[in-house]
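Residue-level listing of the chains:
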Amino acid sequence: MYNFEFEKPSTIADAVAALGSEDAQALGGGQTLIPTLKQRLAAPSSLVSLSSIAEMQGVCVEDDGSVAIGGATTHAAVAADAAGSYPALAALAGQIGDPAVRNRGTIGGSIANNDPAACYPAGALGSGATIVTNTRQIAADDFFQGMFTTALDEGEIITSVRFPVPQAASYQKFLQPASRFALVGVYLARFADGVRVAVTGASEDGVFRWSEAEQALSKEFREDALMDLNINPANMIADLHGSKNYRAHLVKVMTKRAVQATI
Amino acid sequence: MPKDSGIGASSKRREDVRFLTGAGNYTDDINVYGQAHVYFLRSDIAHGRITKVDTSAAEGMPGVVKVFTGKDFEGVGGMPCGWEVTDKHGAPMQEPPHPILAQGKVRHVGDPIAAVVADSLEQARDAAEAIDLDIEELPAVMNMKAAAQDGATLVHDDLKNNICYDWQLGETDDAKVNEVFANAAHVTTLDLVNNRLVANPMEPRVAVGEYARATEDYTLYTTSQNPHVIRLLMCAFVLGLPEHKVRVVAPDVGGGFGTKIFHYAEEAFCTFAAKACNRPVKWTSSRSEAFMSDAHGRDHVSKIELALDADNNFVGLRTNTYANLGAYLSTFSSSVPTWLHGTLMAGNYKTPVIQVNVKAMFTNTVPVDAYRGAGRPEATYQLERVVDKAARELGVDPIALRRQNFVTQFPYDTPVALTYDTGDYNGTMDKLEAAADLTGFAARRSASEANGKLRGLGINCYIEACGIAPSNIVGMLGARAGLYDAATVRVNATGSISVMVGAHSHGQGHETAFPQVVADMIGIDESMVEIVHGDTSKIPFGMGTYGSRSLAVCGSAMVKATEKVIDKAKKIAAHLLEASEADIELKDGQFSVAGTDKSVAWGDVTLTAYVPHNYPLEVEPGLEETAFYDPANFTFPAGAYACEVEVDPETGQVSIEAFTAADDFGNIVNPMIVDGQVHGGIGQGIGQALLENCAYDENGQLLSASFMDYAMPRADDVPFYGVDHSSQTPCTHNPLGVKGCGEAGAIGSPPAVVNAVLDALNSGGKAVDHIDMPVSPSRVWAAMNG
Ligand SMILES: Cc1cc2nc3c(=O)[nH]c(=O)nc-3n(C[C@H](O)[C@H](O)[C@H](O)COP(=O)(O)OP(=O)(O)OC[C@H]3O[C@@H](n4cnc5c(N)ncnc54)[C@H](O)[C@@H]3O)c2cc1C
């Protein structure tokens with residue numbers, strides 16, 4: 001990697017200030033960023049670690065019943081600490097990578113990175129979460145804007161993510177055999193006022209909501225409601241691990257399995 | 001009763017103590033005082049003409065010691081190939097030069113163009129970025145069939161085409177083969193791909209070169225399976241150095257799987273640069289570099305045809321294979337698709353007429369060479385897939401079809417140049433049928449179907465030629481080296497023993513198994529014997545470890561040397577006991593005079609050898625013997641495997657529910673280690689069958705260039721294995737009666753897995769003839785919905 005300065009502030013305000021300098025970059029768990037640096041694919045002037053900021057850590061239940069997760073909370077902490085308050089999300093966190101990745105990688109890093117095969121973007125979009133930053137609150141529907149693209153501005157950091165807790169939810173992840181990211185992952189959340197279905201791994205436009213399935217399931221929450229629905233393969237990803245048609249097919253299968261798991 | 005020491009005991013692997021406690025001394029752990037680091041600037045273009053390499057800016061960068069390009073190696077030899085294959089018209093193979101650093105052209109992504117030696121690796125990388133490079137891109141030669149056409153773009157401009165050789169084995173009369181097929185009652189044909197693999201040993205390659213100016217001695221520390229071979233090739237063919245001035249050390253090496261047999265440019269470079277820079281030079285491959293510079297494995301595209309008569313006897317077999325050699329000839333690459341592959345096409349069957357045709361191709365890809373099994377998996381995969389397909393087409397039981405065609409009389413001369421010394425294929429199949437509970441399969445299939453899954457059973461037989469090899473035979477076949485091995489048994493005055501062996505242990509457990517043999521022969525405790533390996537300055541000579549040869553070949557040398565030691569010790573004992581040498585017996589570490597109670601202990605005799613006060617004057621003092629052993633034949637391990645899979649018909653996901661291996665390895669020294677070797681081999685075979693795929697795009701870019709896209713098998717991808725090694729027909733021509741077990745699992749498992757998947761897909765009214773490896777979920781789904 002190239003040389004860089006390293007800072008480890010203990011407050012959000014200090015972190016934001018440090019990120020104000022040119023080419024500074026936030027460092028979460030480093031599970032994406034450090035390999036990128038090692039390959040010399042990025043050259044930040046300084047890295048601002050968010051791991052010592054107490055106000056960005058932990059899982060708590062808000063007064064309105066929603067679950068708020070600090071932006072620097074690790075996947076392992078979510079898997080353990082959200083198990084009671086939001087089990088489906090905790091299960092999603094528990095399936096990310098391996099123990100080393102889960103003990104370093106953070107929810108803020110994952111959501112900011114918005115890898116098209118990552119799990120958290122599906123969890124956040126499927127739950128209708130709110131992404132809280134140092135300056136504003138952004139609805140998940142507005143936040144994810146295509147592969148590796150988000151609504152975040154330069155220097156803006158995710159301080160927490162607020163999840164409304166559905167009546168039932170399930171994340172169905174079909175593993176890409178090599179990376180074990182999602183070849184296709186479907187996050188289904190059933191709320192009193194309707195069903196949300198978010199799909200990761202599949203689309204060239206990144207995480208998306210499968211609105212036809214949402215409508216059909218909101219009307220009638222049964223596997224059969226999906227029977228006549230099909231995803232258009234045109235926008236699906238095609239790579240070594242699966243064709244467009246295969247991914248489109250898997251979206252339906254995984255959605256069906258998510259229905260089975262929540263019925 | 002299982003034995004608790006000596007031959008046949010499952011002694012615990014003594015080397016694991018240091019490996020598992022972080023105390024191993026791996027190659028990358030070696031750091032030499034004052035060392036500089038080298039970074040190789042590698043081509044990111046598959047095929048192109050180098051029009052400019054300007055290193056002037058790089059040379060002035062901080063910490064830079066020296067920058068090398070192809071020009072610095074113009075007077076130096078290239079990387080040699082150790083096996084000359086003669087094509088079917090009698091011409092030698094086309095053998096293009098393979099420079100240490102690219103000269104004129106780059107020929108694959110990863111081909112090294114320049115090397116920067118600097119105080120630190122990061123400084124070397126910084127400087128490499130300052131090298132001004134122009135490469136005029138040429139079309140990449142990727143498809144082997146297209147590459148064989150007249151007028152195809154040439155990988156090597158000076159060759160007449162991209163075909164290294166067009167080789168044939170077995171029946172040379174095409175008309176005769178055609179006639180067999182024309183008269184056959186049934187012909188089964190299959191087109192298949194043996195997928196390209198990357199070995200990915202846990203420790204990437206490392207080389208540290210050192211030069212002592214005052215004495216002109218070189219030392220190379222390297223991740224090698226055969227340090228003497230590296231020394232010989234590098235001294236004789238590449239750098240032109242006297243062997244006695246070069247020491248090659250391969251310490252603890254973190255896995256090899258074949259890919260660390262070969263002499264690599266980086267090794268020669270570090271040795272050369274150590275003198276040129278007058279500083280030790282170290283290189284440690286990154287994982288990304290390993291993907292584009294370690295020799296790959298497999299990569300065959302084959303058509304196989306099997307002819308059967310009206311009684312389902314195999315009457316003819318013909319194969320046509322394109323074998324990818326990559327851009328350059330790696331050390332043993334030419335032997336893999338030929339003598340390690342064509343010779344195995346008879347398999348376990350007495351097919352009378354066999355013709356094997358192989359076109360070996362140059363392409364703009366990483367060189368391909370031996371990988372666990374080397375040629376034999378490619379042969380077994382074709383044969384066992386086509387036999388299974390024939391059984392399906394004919395509606396006969398695949399086991400019965402195999403049994404009917406087994407070779408049952410030994411020795412057996414195959415139509416493809418081998419003589420099987422011994423075996424019992426029906427006996428081994430009996431063991432498999434029992435161990436795998438094949439009668440219970442129908443019930444297990446019903447249970448799977450009740451869960452919405454398809455279940456399949458795949459059977460496979462294999463034979464391999466191991467213990468490579470009789471030097472006179474391989475010499476006739478084109479090997480440019482002998483393939484014997486050597487051992488020195490050095491008995492110390494107090495009776496403990498160091499055995500210097502030419503085999504190299506990089507995970508195989510030699511440090512445990514070899515002493516079991518010597519201790520057993522003498523009747524002393526295993527802890528009194530230790531082996532020394534991996535250092536040309538310590539061991540007499542060695543051709544190294546590959547082809548499941550260590551115990552069969554080097555172990556035999558060790559037995560011979562131990563016998564010489566015992567003979568001499570008996571002379572000394574006879575003197576001490578005032579008896580005739582012929583009457584001396586050795587048992588449990590005691591020399592005694594037959595029929596008397598007079599005896600003297602091993603330790604007293606060894607002490608006498610070194611303190612020869614009361615000593616037979618005609619015998620030399622000391623107790624140390626060396627033996628070289630050249631085998632009389634290959635060894636022929638064989639086995640039968642059964643794999644059971646479940647397929648999720650909705651997603652195409654395959655899971656391996658059971659895997660049973662019945663192997664005949666002849667005599668076994670350490671059953672636990674043998675089980676472990678089989679487990680590892682099957683794991684790698686399952687990796688090839690289900691997961692691993694080294695893929696390029698049409699421009700020669702490596703698509704699977706990291707573990708993000710190259711799927712290595714993980715623990716939860718494989719089942720608990722059932723292994724049965726009770727079928728034992730000892731090898732007839734080596735002293736231990738051993739055959740070798742290192743590659744069996746990797747040879748026998750891929751066809752078992754794929755046969756099982758196809759069996760599953762053909763249950764429940766589906767009909768799928770063929771899927772290429774890796775049988776990934778997407779491929780299974782596509783085949784089912786195709
Ligand atoms: C072997 C392996 C397996 C993996 N498997 C999976 C998987 O199965 N599923 C999955 O979803 N992911 C997987 N990941 C990715 C993992 O979840 C990462 O942790 C995650 O993508 C990035 O989080 P991080 O905290 O490590 O962020 P970093 O790598 O530190 O940063 C990533 C990016 O986010 C920015 N960033 C970090 N934190 C913040 C913040 N709070 N606010 C704003 N920007 C921020 C950084 O500047 C950088 O651009 C895997 C990673 C590895 C190495």
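Up top you'll find the structure we're talking about.
Residues numbered from 1 in each chain as written. Chains lettered and ligands numbered in written order. Predicted model: local features only at pLDDT ≥ 70, side-chain atom pairs only at ≥ 80, totals over all residues. Heavy atoms only, no water.

### Points about the site of the ligand
Residues and elements named next belong to chain A. Lining the immediate surroundings of the ligand are 29 residues, of which Ala26, Gly29, Gly30, Leu33 and Thr106 lie closest. Here an oxygen atom of the ligand sits 2.6 Å away from a polar atom, N or O, in the main chain of glycine 29. Between the ligand and the protein, one listed contact pairs an oxygen atom with a backbone N or O atom of threonine 32 at 2.8 Å. For the ligand, the protein covers 89% of the area, taking 950 Å² as the surface of the free molecule. Only β2 (24–27) and α6 (107–113) provide two or more residues apiece to the shell around the ligand. (Near = heavy atom within 4 Å. Polar contact = N/O pair within 3.5 Å; in protein donor to acceptor, adjacent residues only side chain to side chain. Areas by Shrake-Rupley, 256 points an atom, 1.4 Å probe, with all protein chains shown as cover. Helix = DSSP H or I, 4+ residues; strand = E, 2+ residues; numbered from the N terminus.)

### Re the side chain of B:Arg402
All names here are of chain B. Within the secondary structure layout, arginine 402 lies in helix α10 (residues 398–405). Only 3.0 Å separates the side chain of arginine 402 from the side chain of aspartate 388, close enough to count as a polar contact. Residues within four places of arginine 402 in sequence aside, it is in contact with Tyr349, Glu384, Val387, Asp388, Met429, Ile459, Asn460, Cys461 and Asn755. (Contact = heavy atoms within 4.5 Å.)

### A look at a nonpolar patch on the surface
Residue and element names in this part refer to chain B. A surface patch of nonpolar side chains, amounting to about 240 Å² of accessible area, comprises Leu607, Tyr610 and Val611. With respect to the helices, strands and loops of the structure, tyrosine 610 is situated in helix α16 (residues 602–610). Judged by its relative accessible area of 36%, tyrosine 610 is partly exposed. (Patch = residues over 30% accessible without salt bridge, like charges linked within 9 Å, V, L, I, M, F, W, Y side chains within 5 Å. Salt bridge = Lys/Arg side-chain N within 4 Å of Asp/Glu carboxyl O. Buried < 20%, exposed > 50% of the residue type's maximum accessible area, 1.4 Å probe, protein only.)

### Notes on the nonpolar core
Residue and element names in this part refer to chain B. Formed by 128 residues in total, the largest nonpolar core has its most connected members in Tyr641, Val645, Phe659, Leu761 and Val780. Considering each element in turn, this core owes the most residues, ten residues, to helix α18 (residues 744–761). Residues within four places of leucine 761 in sequence aside, it is in contact with Leu454, Val647, Lys766, Ala767, Val768, Ile771, Val780 and Met784. Counting residues in each nonpolar core, the second largest holds 47 residues, with Val559, Ala561, Val565 and Ala574 among its members. (Core = buried A, V, L, I, M, F, W, Y, C linked by side-chain atoms within 4.5 Å.)

### Side note on the pairing of strand β7 (residues 163–170) of chain B
Residues and elements named next belong to chain B. Within β7, seven of the eight residues are buried, which leaves it mostly tucked inside the rest of the structure. Pairing between β7 and strand β15 (residues 353–362): seven bridges, direction antiparallel. For isoleucine 163, the partnering residue across the bridge sits in β15 and is methionine 361. (Pairing = 2+ DSSP bridges.)

### Concerning the pattern of salt bridges
Summed over all chains, the structure comprises 57 salt bridges over all chains. A salt bridge links A:Arg209 to A:Asp141; the shortest N-O distance between them is 3.0 Å. With A:Arg209 in strand β12 (residues 208–209) and A:Asp141 in helix α8 (residues 140–143), this residue pair connects regions lying 68 residues apart in the sequence. The exposure class assigned to A:Arg209 is partly exposed, which follows from its relative accessible area of 30%. Two residues, B:Lys587 and B:Asp588, come together in a salt bridge whose shortest N-O distance is 3.7 Å. Given the relative accessible area of 60%, B:Lys587 is considered exposed. Each of B:Arg42, B:Arg205, B:Glu266, B:Glu289 and B:Asp294 takes part in a single network of salt bridges with overlapping partners.

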